[in-house]
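As a plain string of letters, each chain reads:
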Amino acid sequence: MSCKVVQPPEEGISYFKIMDCNYTFTMDTHKLQRRYLQLQRSLHPDNFGQKSVKEQEYSEIQSALVNKAYKTLLKPLSRGLYMLELQGMRIEEGTDSEADSEFLMELMEINEALDEARTPEEANKIGKDTKGKLAELTGEIDAVLLKGELQTAKALLAQMKYYANIEEKVKAKLSEFM
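None of the values given here were measured: they were computed from a predicted structure.

(A) Structural view of the packing of helix α5 (residues 101–116) against helix α6 (residues 120–146). Packing of α5 against α6 leaves a shortest axis separation of 9 Å and a crossing angle of 155 degrees. The angle between α5 and α6 places the two elements in the roughly antiparallel class. Helix-helix and strand crossings are classified by hand; for α5 and α6 the assignment is left-handed. Of the residues in α6, those touching α5 at Ile110, Ala113, Leu114 and Glu116 are Glu122, Ala123 and Ile126. Split into classes, the residues belonging to the contact of α5 with α6 amount to 5 nonpolar, no polar and 2 charged.

(B) Examining the side chain of Gln40 more closely. Here Gln40 shows up in helix α2 (residues 29–43). At 2.8 Å, the side chain of Gln40 forms a polar contact with the side chain of Ser63. Setting aside anything within four residues of it in sequence, one finds Gln40 in contact with Asn47, Ser63, Val66 and Asn67.

(C) A look at the nonpolar core. Met19, Leu73, Ile141 and Tyr163 are the most contacted members of the largest nonpolar core, which totals 43 residues. Those elements giving two or more residues to this core turn out to be α1 (15–18), α2, α3 (53–74), α4 (76–86), α5, α6 and α7 (150–176). Ranked by the residues each element gives to this core, the list is headed by α7, at 8 residues. Those residues in contact with Met19 that sit more than four places away from it in its chain are Leu32, Arg35, Tyr36, Leu39, Val66, Ala69, Tyr70 and Leu73.

About the thresholds
Note that residues are indexed from 1 along each chain, following the sequence as it is written. Local features in this predicted model are restricted to residues of pLDDT 70 or higher, and side-chain atom pairs are both shown and tallied only at a pLDDT of 80 or more, whereas totals for entire chains, interfaces and linings draw on every residue. Where side-chain values are given, they derive from all heavy atoms of the structure, hydrogens and water being excluded. For every element, the axis is a line fit to its C-alpha atoms; helices are fit only across the contacting stretch, and the angle between N-to-C directions ranges from 0 to 180 degrees. Starting at the N terminus, helices and strands are each numbered in turn, a helix being any DSSP run of H or I of at least four residues and a strand any DSSP run of E of at least two. When describing relative orientation, an angle under 35 degrees is termed roughly parallel and one over 145 degrees roughly antiparallel, while 65 to 115 degrees is termed roughly perpendicular and anything else oblique. By definition, turning the near helix anticlockwise from the far helix through less than a right angle yields a left-handed crossing, and turning it clockwise yields a right-handed one. A contact between two residues is defined here by any heavy atoms of the two lying within 4.5 Å. Nonpolar residues are Ala, Val, Leu, Ile, Met, Phe, Trp, Tyr, Cys and Pro. Charged residues are Asp, Glu, Lys and Arg, and all others, Gly as well, are polar. Under the rule applied, a polar contact is a pair of N or O atoms within 3.5 Å (in protein, one hydrogen donor and one hydrogen acceptor; residues adjacent in sequence only if both atoms are side-chain atoms). Each nonpolar core is a collection of buried residues, namely Ala, Val, Leu, Ile, Met, Phe, Trp, Tyr and Cys, held together in the definition by side-chain atoms within 4.5 Å. Buried means the residue's accessible area, taken with a 1.4 Å probe over protein chains only, is under 20% of the maximum for its type, while exposed means over 50%, and partly exposed covers the values in between.

In structure tokens, the structure reads:
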């Protein structure tokens, strides 16, 4: 917004800049949420019904961009993948060739235990262990990104992706018990 008129988004602007956040893996998500709400209050298309068609279009584009930036930066996995993307790196779907067999066996065992869980307590234990592993990975990823070790960060983010998937399976399993 400049002069109270919505402008088109700046070409190639990063989500970190949109959300006024430092380019770091660890993030104050409360600050991120406050910034998101502030931007949406000022940019939401409902506020531009009486403005020009161009301004309405720009407000829709800006609002959608803010939504995408917020959703991407809110969770560590999507934030880390986005940071790699900004450095020209991607984790392609189905690229298990880099995962070692010991890690894949561990995942298989966790998935089997989850499938065999007969009580909410058993599923919750797996969920708690998974959350702990995700927290551990978050710390490791932050450290390697601070050192600029992108290949290591990429490998750790690939692991995080697997654990995030297990976390979703735990939620689904728990909903079966309700």
